[in-house]
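Next come the chains, spelled out residue by residue.
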Amino acid sequence: MNPLRRSYEARVLVVPLGAGSAQVAASLTGLGVAGVRVLSKSDPAVAMTTPIGEFAWEPPSPAGTAEVAESADMVVLVGTDLVDVAAPTVREVCEAARRGGGLIAAVLVDPENWDDPVGASAMATLRQEVDMLVSVRGPKLLAALLDVLRGGARAEDYPELALAHEPQVPA
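Calculation notes
- Residues numbered from 1 in each chain as written.
- Predicted model: local features only at pLDDT ≥ 70, side-chain atom pairs only at ≥ 80, totals over all residues.
- Heavy atoms only, no water.
- Axes fitted to C-alpha atoms, helices over the stretch in contact; angles between N-to-C directions.
- Helix = DSSP H or I, 4+ residues; strand = E, 2+ residues; numbered from the N terminus.
- Parallel < 35°, antiparallel > 145°, perpendicular 65-115°, else oblique.
- Contact = heavy atoms within 4.5 Å.
- Nonpolar A, V, L, I, M, F, W, Y, C, P; charged D, E, K, R; others polar.
- Pairing = 2+ DSSP bridges.
- Buried < 20%, exposed > 50% of the residue type's maximum accessible area, 1.4 Å probe, protein only.
- Arc of directions from axis to C-beta.

## Some words on the packing of helix α3 (residues 87–99) against helix α4 (residues 117–129)
Packed helices, taken two at a time, are described by their axes: the angle between them and the distance between them. Where α3 meets α4, the closest approach of the two axes is 10 Å, and the angle between their N-to-C directions is 5°. One element, α3, and the other, α4, form an angle in the roughly parallel class. Contacts between α3 and α4 involve Ala87, Val90, Arg91, Cys94 and Arg98 from the former and Thr125, Leu126 and Glu129 from the latter. Grouping the amino acids of the contact of α3 with α4 by side-chain chemistry returns 4 nonpolar, 1 polar and 3 charged.

## Digging into the sheet that holds strand β2 (residues 36–41)
Across the sheet, 6 strands lie side by side as β3-β2-β1-β4-β5-β6; this open sheet has mixed pairing. Edge positions in the sheet fall to β3 (48–52) and β6 (132–136), since each has one partner strand and no second. Looking at each pair of strands side by side, their axes are set apart by 25° on average, direction ignored. Here strand β1 (residues 12–17) runs beside β2; their pairing, made up of 2 bridges, is parallel. The residue of β2 that forms the bridge with leucine 13 is arginine 37. Lying on the sheet, helix α1 (residues 19–26) is in contact with β1, β2, β3, β4 (74–81) and β5 (103–112); it crosses β4 at an angle near 120°.

## Some words on α1
Listed as buried for α1 are Ser21, Val24 and Ala25. All buried residues of α1 fall inside an arc of 100° around its axis, so they share one side. Across α1 from its buried face, at more than 90 degrees, point the exposed residues Ala19, Gln23 and Ala26. Looking at the buried positions of α1, the neighbouring elements they touch are β1, β2, β3, β4, β5 and α5 (139–150).

Written as structure tokens, this is what we have:
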């Protein structure tokens, strides 16, 4: 458990949407993300997830993609190239997450091919299926968002964190 978190740490499942997104997900460990799981293989019967860092939550096993998504508190779909976004996967994961009562977010990291007809269709699917759609300029911002979604820091236990974020008043 991260000492900078509230008492509850959300179970976050990261779902890469394409090869570029899988590379972004793989880079999260080096950016300080810990405790989340990445859907590494989507399968209706035996999906596979990869933990990032220590203390990652455990999904049901064996379980299909839908069961894994349903067991998460939050599902974060990650896309880079909108042409690579598979609408059936998005719909399956989102339907399962809704059944489980989870928050569903899509984060587009340096998104490409917005204007391609396939990419435009993928964007429409994402807008229909998710609760929150965010576009960020790089993986560091995705890592920061995941940290916030998991619980954030406890300023009362670490006053130096509160001081670092207080506005500076000119003398």
